[in-house]
Amino acid sequence: MLTMSKTTLLDRLQSKHALISVVGLGYVGLPLSLTYAEKGFRVLGIDIDPNKVKAINSGISYIQHINAERIAKANLEKSFCATTDFSRASEADALILCVPTPLNQYREPDLSFIRGTMASLLPFLRQGQILSLESTTYPGTTEEELRPMIEDRGFVIGQDFFLIYSPEREDPGNAHFNTSTIPKVLGGSTSACTHVGIALYEQVINQVVPVSSTRAAEMTKLLENIHRAVNIGLMNELKPLAERMGIDLYEVIRAAATKPFGFVPYYPGPGLGGHCIPIDPFYLTWKAREYGMHTRFIELAGEINTAMPAYVVQQTADALNRCRKALNGSRLLVLGIAYKKNVDDMRESPAVEVMELLAAKGAAVQYSDPFFDVFPPMREHSFDLHSLPLSAEVLAGFDAVVLTTDHDAFDYGLIEQHAPLLIDTRGRFSPGPKVVKA
Ligand SMILES: NC(=O)c1ccc[n+]([C@@H]2O[C@H](COP(=O)([O-])OP(=O)(O)OC[C@H]3O[C@@H](n4cnc5c(N)ncnc54)[C@H](O)[C@@H]3O)[C@@H](O)[C@H]2O)c1
């Protein structure tokens with residue numbers, strides 16, 4: 001039997017009369033808000049950061065790959081605005097939470113952003129709303145953290161309030177997929193919640209994939225990222241071995257990838273970066289302890305991946321040594337400080353650790369990155385540096401050039417021609433006398 005709350009909410013979602021409120025307007029929340037607005041919904045963004053709210057309401061983008069015109073157009077059409085006022089959550093039919101889920105200093109899940117957001121929203125929840133958590137987290141978060149908070153307000157989940165978990169799969173900078181074309185997994189607290197959840201997302205996402213529970217949906221997201229972390233770890237383990245055996249691992253991966261089934265190519269690099277792959281697997285490691293289990297593959301991949309910046313530094317020192325130079329006092333140019341190519345995102349970037357390790361050993365480090373004119377402020381790292389423009393003279397003025405992030409905007413021909421020594425962590429350069437794989 002359908003409750004009034006459910007039929008009304010379904011009607012409002014299916015007719016696109018529902019007001020969608022996205023809470024947390026970062027790399028995930030901003031594109032999601034724009035997608036809803038562009039598909040004909042009214043969207044109210046909520047964030048604690050007044051600068052982001054101001055930018056949105058002025059039609060300005062603060063994320064490089066998101067075009068400001070999209071925001072300005074949505075403003076003009078009055079389909080998207082933002083606020084820091086959580087009391088306005090009561091106006092919304094759907095609340096979608098996209099707040100950060102980092103690790104704390106002990107590398108354990110830090111749910112403080114989710115709890116903080118919920119504490120701010122709770123007084124303004126009302127009957128007939130759906131709340132969807134999109135932040136990556138361990139299985140059980142929705143049922144163990146969110147559900148009791150909502151029930152304490154007197155709501156009956158599945159009857160007068162609907163709760164789901166639906167992991168975000170945003171891939172910033174990916175030219176082939178956008179929010180609408182990436183299939184969306186979701187699991188509800190009850191089957192009624194799943195039903196409403198499907199109605200929430202199928203208006204804007206081409207393929208919605210329901211699973212049996214919020215736990216299954218939470219685990220799906222972790223599986224995807226653990227799969228990546230473990231396979232990248234395997235490639236990072238094979239990299240020094242292939243190097244020692246005189247084999248080009250990139251050539252091998254490319255050849256293996258011609259197999260039309262049973263092989264997925266992953267590539268080694270200077271270490272893991274971004275908000276997801278270095279962090280998310282440890283959400284499961286932490287939760288597994290509650291069940292008396294150890295996630296050994298995750299721990300091993302973590303160990304190998306976190307050792308990569310030190311490997312890059314060792315390869316750099318060895319290469320300089322062969323030229324009768326010491327790391328101490330050498331002039332080094334690091335190319336690309338973003339965590340992956342073609343994005344303006346520095347979170348957990350291994351390039352920064354490489355820079356720090358090189359500087360700690362006495363190297364004079366500079367960088368070039370078309371996405372960062374100035375080395376951006378970071379919580380745990382700081383360099384008082386500006387990006388150097390690449391030219392023949394600039395490149396020739398260094399003892400070695402370390403490629404950490406292979407942005408498409410770099411002129412690789414110029415780099416190869418003028419860098420005296422090239423430390424290549426991305427397999428971008430063909431083997432040659434001055435190219436050192438790291
Ligand atoms: N960035 C990605 O590519 C990506 C991909 C998939 C999943 N995720 C997951 O999505 C979630 C969000 O990631 P993100 O990259 O968008 O983070 P982000 O840091 O870019 O954005 C988070 C936003 O939440 C806001 N915020 C923080 N506390 C808040 C509060 N109490 N109330 C309201 N707003 C608050 C911040 O001001 C910020 O604008 C994380 O769990 C992440 O793991 C991210």
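Shown above is the structure to which this text applies.
My aim in this report is to walk through the structure given alongside it, one point at a time. Values in this document were obtained by computation on a predicted structure and should not be read as measured data.

Scoring rules and cut-offs
- Residues numbered from 1 in each chain as written.
- Predicted model: local features only at pLDDT ≥ 70, side-chain atom pairs only at ≥ 80, totals over all residues.
- Heavy atoms only, no water.
- Patch = residues over 30% accessible without salt bridge, like charges linked within 9 Å, V, L, I, M, F, W, Y side chains within 5 Å.
- Areas by Shrake-Rupley, 256 points an atom, 1.4 Å probe, with all protein chains shown as cover.
- Salt bridge = Lys/Arg side-chain N within 4 Å of Asp/Glu carboxyl O.
- Helix = DSSP H or I, 4+ residues; strand = E, 2+ residues; numbered from the N terminus.
- Near = heavy atom within 4 Å.
- Polar contact = N/O pair within 3.5 Å; in protein donor to acceptor, adjacent residues only side chain to side chain.
- Pairing = 2+ DSSP bridges.
- Axes fitted to C-alpha atoms, helices over the stretch in contact; angles between N-to-C directions.
- 1 Å grid on protein atoms, 1.4 Å probe; cavity = no way out; pocket = protein on both sides within 12 Å on 5 of 7 lines; lining within 4 Å.
- Points joined across faces, edges and corners; volume = space filled by probe spheres on them.
- Nonpolar A, V, L, I, M, F, W, Y, C, P; charged D, E, K, R; others polar.
- Core = buried A, V, L, I, M, F, W, Y, C linked by side-chain atoms within 4.5 Å.
- Buried < 20%, exposed > 50% of the residue type's maximum accessible area, 1.4 Å probe, protein only.
- Contact = heavy atoms within 4.5 Å.

## Examining a nonpolar patch on the surface
Okay, so step 1: On the surface, a cluster of nonpolar side chains totalling about 500 Å² of accessible area is made up of Leu234, Leu238, Leu241, Met245, Ile247 and Val252.
Okay, so step 2: When residues of the nonpolar patch are assigned to their parent elements, the largest contribution, four residues, is made by helix H8 (residues 214-245).
Okay, so step 3: Of note, leucine 241 is situated in helix H8.

## Looking at the site of the ligand
Okay, so step 1: Taken together, 26 residues surround the ligand, and among them Val28, Asp47, Lys52, Thr101 and Thr136 come closest.
Okay, so step 2: Glutamate 170 places a main-chain nitrogen or oxygen 3.5 Å from an oxygen atom of the ligand.
Okay, so step 3: A distance of 3.2 Å separates an oxygen atom of the ligand from a polar side-chain atom of arginine 347.
Okay, so step 4: Protein contacts shield 92% of the accessible area of the ligand, which totals 830 Å² for the unbound molecule.

## Brief notes about the environment of tyrosine 62
Okay, so step 1: Here tyrosine 62 shows up in the loop between helix H3 (50-57) and helix H4 (68-76).
Okay, so step 2: Residues tyrosine 62 and tyrosine 291, 229 residues apart in the sequence, show an inter-C-alpha distance of 42 Å.
Okay, so step 3: Here the side chain of tyrosine 62 touches leucine 25 through a polar contact of 2.6 Å, landing on its backbone oxygen.

## A short note on the sheet that holds strand E9 (residues 331-335)
Okay, so step 1: Within the open sheet, the five strands sit side by side as E10-E9-E11-E12-E13. Their pairing is parallel. Each of the sheet's edge strands pairs with one partner strand only, and the pair in question is strand E10 (364-368) and strand E13 (435-437). Averaged over all pairs of adjacent strands, the angle between strand axes in this sheet comes to 25°, irrespective of strand direction.
Okay, so step 2: Across three bridges, the pairing between strand E12 (residues 422-424) and E13 is parallel.

## Some points on the layout of surface pockets
Okay, so step 1: Here the second largest pocket is characterised by a volume of approximately 300 Å³.
Okay, so step 2: Contributing elements (two or more residues each) for the lining of the second largest pocket: H8, helix H9 (249-256), helix H12 (308-322) and E13.
Okay, so step 3: The class makeup of the residues in the lining of the second largest pocket is eleven nonpolar, two polar and five charged.

## Examining empty space enclosed by the protein
Okay, so step 1: Enumeration according to the criterion identifies one cavity of 30 Å³ or more in this entry.
Okay, so step 2: Of the voids in this model, the largest cavity is the one considered here, and its volume is about 60 Å³.
Okay, so step 3: Surrounding the largest cavity, Pro167, Glu168, Arg169, Thr179, Ile182, Pro183, Lys184 and Ile205 form its lining.
Okay, so step 4: Residue classes in the lining of the largest cavity are distributed as four nonpolar, one polar and three charged.

## Concerning the pattern of salt bridges
Okay, so step 1: Evaluated as defined, the whole model comprises 21 salt bridges.
Okay, so step 2: We note a salt bridge from glutamate 77 to lysine 73, for which the minimum N-O separation is 3.3 Å.
Okay, so step 3: With its nearest N and O atoms 2.8 Å apart, the salt bridge here joins aspartate 399 to lysine 325. With aspartate 399 in the loop between helix H14 (392-396) and strand E11 (400-403) and lysine 325 in the loop between H12 and E9, this pair connects stretches of sequence that are 74 residues apart.
Okay, so step 4: One network of salt bridges, in which partners are shared, links Glu144, Arg215, Lys287 and Glu290.

## Quick notes on the nonpolar core
Okay, so step 1: Counting residues in hydrophobic clusters, the biggest one holds 75 residues, and the most contacted among them are Ile20, Tyr36, Leu95, Met118, Leu200 and Tyr201.
Okay, so step 2: No other element matches helix H7 (residues 191-202), which puts six residues into this core.
Okay, so step 3: Leave out the neighbours within four places in its chain, and tyrosine 36 touches Ile20, Phe41, Val43, Ile96, Leu200, Tyr201 and Val204.
Okay, so step 4: Core analysis: the second largest hydrophobic core is formed by 29 residues, Val312, Leu320, Leu327 and Phe383 among them.

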